[in-house]
Amino acid sequence: MACSASLRPLFIFSHFHSHSRNPKKPKFLFLNPDTNPNPPSKSATHLKSKKNPISSKPLSVSGGKSGFSVGAQREFSTGGDDEPLLSDTTDQEVFSWSSVILPFLFPALGGLLFGYDIGATSGATLSLKSAELSGTTWFNLSAVQLGLVVSGSLYGALLGSIVVYPIADFLGRRRELITAAVLYFLGGLTTAYAPGLGVLLVGRLLYGLGIGLAMHGAPLYIAETCPSQIRGTLISLKEVFIVLGILLGYFAGSFQINQIGGWRYMYGISAPFALLMGLGMLSLPPSPRWLLLRAVQGKGSLQEYKEKAMLCLSKLRGRPPGGKLSERQIEDTLLSLKSAYADQKSEGSILEVFQGPSLKAFIIGGGLVLFQQITGQPSVLYYAGSILQSAGFSAAADATRVSVVIGIFKLLMTTVAVLKVDDLGRRPLLIGGVSGLAISLLLLSAYYKILGGFPLVAVAALLLYVGCYQISFGPISWLMVSEIFPLSTRGRGISLAVLTNFGSNAIVTFAFSPLKELLGADNLFLLFGAIALLAVVFVVLIVPETKGLSLEEIESKILK
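If you check an unreviewed UniProt entry, the protein appears there as Major facilitator superfamily (MFS) profile domain-containing protein from Acer yangbiense. Note on the protein: under the UniProt heading Subcellular location (unreviewed entry), the record states "Membrane". Reading the Sequence similarities (unreviewed entry) entry of the UniProt record for the protein gives the comment "Belongs to the major facilitator superfamily. Sugar transporter (TC 2.A.1.1) family."

Written as structure tokens, this is what we have:
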């Protein structure tokens, strides 16, 4: 866990004057700790992106058994809730991979438990409404009751995301995630031991509250505590953990589907993971950046908060307490936060999100997360088992096994998207993926209308849907949301996007079963297919390409 930190300077500030021939020279040049600290010679090569003047491409890489170091050049910038622990002036850092695993893993379990609920619910609905398998006397659920069971956690997540917004800074990221773990644990146990439908719905609501807090706290804790040069990789892996959770839920459904009361086990398995998450977060320190934020907000002694932040940073990096490196990083971060907080205090009312550049950003970001849900994504995932049963896999066990195959495929496609989004760009993946969604939904409609004798058509359509979703709406919608809002309204804008996502998710999930009875499966998937075609038009006409652009360039070139 020890970090191979040297007391020699990790970086050199090299100030350049602006010249007419080269007005965009970088303000800072970061060097590897083992590099000669003398000024670079004329032959030194400086990597520079033509599209993005705020470049983070590596100049040098060195590693060993215990440490990893990346040199990068970036211009100084401040502000935003997604700002890393280190300000951009200290982007260079030597760290031990072993010291960053746990601060990523335990918050990421919050995403895994969110995904697990999606996968487990697919099998649990088959078990819960079965006279032979439910183990209850109240198995004969109406379409509305079944919709409430499925969407109950989503309504809880919606409520949780509303509740946490005004108290997030008071709780802090660590306590927010501990609270989420407690709610996950209580929700899982309450659902597993529910004696009736009412208690079951309470358990689903408690679990959903945990989802709302975890989805807000996890990305903040990871971003604020991990080394800045691997921040993007770790935050992208969060989506992989959600998909891994879905896959685990499908596995649990497959193993327990033939057990009497199997749905209780499917939901109850989440409790040990929640306990692990809670104990893990208790073992981790608070976010040093959150401690400094409280100091900047005047919530306590500045010196006391600085000392706590240095101790937390030293623990996170596996360094001896009181090191000069940690002290320097804390000082730089404090200066950055003071500047950012001063800018944020100038924000107007919440209506500012619906004005000027912020309105354009909300149309883009909010539109993406809305279409992400109303093209049927929650319905396809939550009801995958039911869809497969109607496609010819009549035995519940057969349906859940095919769901596992779909989950594995989803995980693979998510990995492809994470690896390729910065190479191919956002728009090509969105246009191609959403077009594939439309085709898959039209295939599902055709299966129910005229191709009922070919069950493999339904399986192929589901695989196409999952694959296209995971290279488009799945990871890219939230990536765009994190990029598109201007600094002055980023916190409120992202909050509204989260509410839009969970609200539309809950509505679509709840409405799927009643609409299926009213319209029939064929017409319902035809409706989703038509909405997907509208989504393609929306992406082509409205959504910009942000690949290679800094946040400042997005605001100046796209929003204005």
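Having put the structure on the table, let's press on.
Colleague: Would you mind going over the overall build of the protein in detail, with residue names and values included?
Modeller: Helix and strand counts for the protein stand at 19 helices and three strands. With 560 residues in all, the protein has 55% of them scored as buried. Restricting to contacts in the protein with at least 6 residues of sequence separation, those with at least 24 account for 80%. Counting every atom, the protein has about 23000 Å² of accessible surface; 66% of that belongs to carbon and sulfur.

Colleague: Run through the pattern of salt bridges, naming residues and quoting values.
Modeller: Across all of its chains, the model carries four salt bridges by this definition. Put simply, Asp 117 and Arg 204 hold a salt bridge, and the shortest N to O gap is 2.5 Å. Separated by 87 residues along the polypeptide, Asp 117 in helix α1 (residues 97-128) and Arg 204 in helix α3 (residues 197-225) bring together distant segments of the chain. Considered together, Asp 117 and Arg 204 belong to a single accessibility category, that of buried residues. Glu 331 serves as the salt-bridge partner of Lys 306, at 2.5 Å between the closest nitrogen and oxygen. Of this pair, Lys 306 sits in helix α8 (residues 302-317) while Glu 331 sits in helix α9 (residues 324-344), and the two are 25 residues apart along the sequence. Residue Lys 306 is classed as buried on the basis of its relative accessible area of 11%.

Colleague: Tell me about the packing of aromatic side chains, and please be specific about residues and values.
Modeller: The geometry of an aromatic ring pair is captured by two quantities: the separation of the ring centres and the angle between the planes. Per the counting criterion, the structure on display carries nine aromatic pairs. When the centroid spacing of 5.9 Å and the interplanar angle of 70° are considered together, the rings of Trp 138 and Trp 263 count as edge-to-face. Here the residue Trp 138 occupies a position in the loop between α1 and α2 (143-192), and Trp 263 occupies one in helix α5 (residues 262-268), the gap between them amounting to 125 residues. Side by side, Trp 138 and Trp 263 carry an identical accessibility label, which is buried. Ring pairing ties together the aromatic residues Tyr 447, Tyr 448, Phe 525 and Phe 528, which thus form one cluster. Its guanidinium or amino end placed over the ring of Phe 170, Arg 175 lies 5.7 Å from that ring's centre, counting from NZ or CZ. The ring of Tyr 305 carries the charged tip of Lys 308 above its face, separated from the ring centre by 5.7 Å.

Colleague: Give me the confidence of the model for the protein: which residues, what numbers.
Modeller: The predicted model of the protein has a mean per-residue pLDDT of 75, with 72% of residues at 70 or higher. The least confident element of the protein, judged by mean pLDDT, is strand β1 (residues 58-63) at 37; the most confident is helix α6 (residues 270-283) at 96. Predicted confidence for residues 1-91 stays below pLDDT 50, and this span has 199 contacts to residues more than four positions away or in other chains.

Colleague: I'd like a description of the environment of Leu 126, backed by residues and values.
Modeller: Residue position: Leu 126 is located in helix α1. Counting along the chain gives 131 residues from Leu 126 to Ile 257, while the straight-line C-alpha distance between them is 7.9 Å.

Colleague: Go over the environment of Phe 502 with me, naming the residues and quoting the values.
Modeller: The residue Phe 502 is located in helix α17 (residues 490-519) in this model. Overall, Phe 502 belongs to the buried group, its relative accessible area being 4%. Sequence separation between Phe 502 and Gly 156 is 346 residues, and the spatial gap between their C-alpha atoms is 9.3 Å.

About the criteria used
Residues numbered from 1 in each chain as written. Predicted model: local features only at pLDDT ≥ 70, side-chain atom pairs only at ≥ 80, totals over all residues. Heavy atoms only, no water. UniProt positions renumbered as here; feature names shortened; annotations may be inferred. Helix = DSSP H or I, 4+ residues; strand = E, 2+ residues; numbered from the N terminus. Buried < 20%, exposed > 50% of the residue type's maximum accessible area, 1.4 Å probe, protein only. Contact = heavy atoms within 4.5 Å. Areas by Shrake-Rupley, 256 points an atom, 1.4 Å probe, with all protein chains shown as cover. Salt bridge = Lys/Arg side-chain N within 4 Å of Asp/Glu carboxyl O. Phe/Tyr/Trp six-rings, centres within 6.5 Å; stacked < 30°, edge-to-face > 60°. Lys NZ or Arg CZ within 6 Å of the ring centre and 35° of its normal. pLDDT = per-residue confidence, 0-100.

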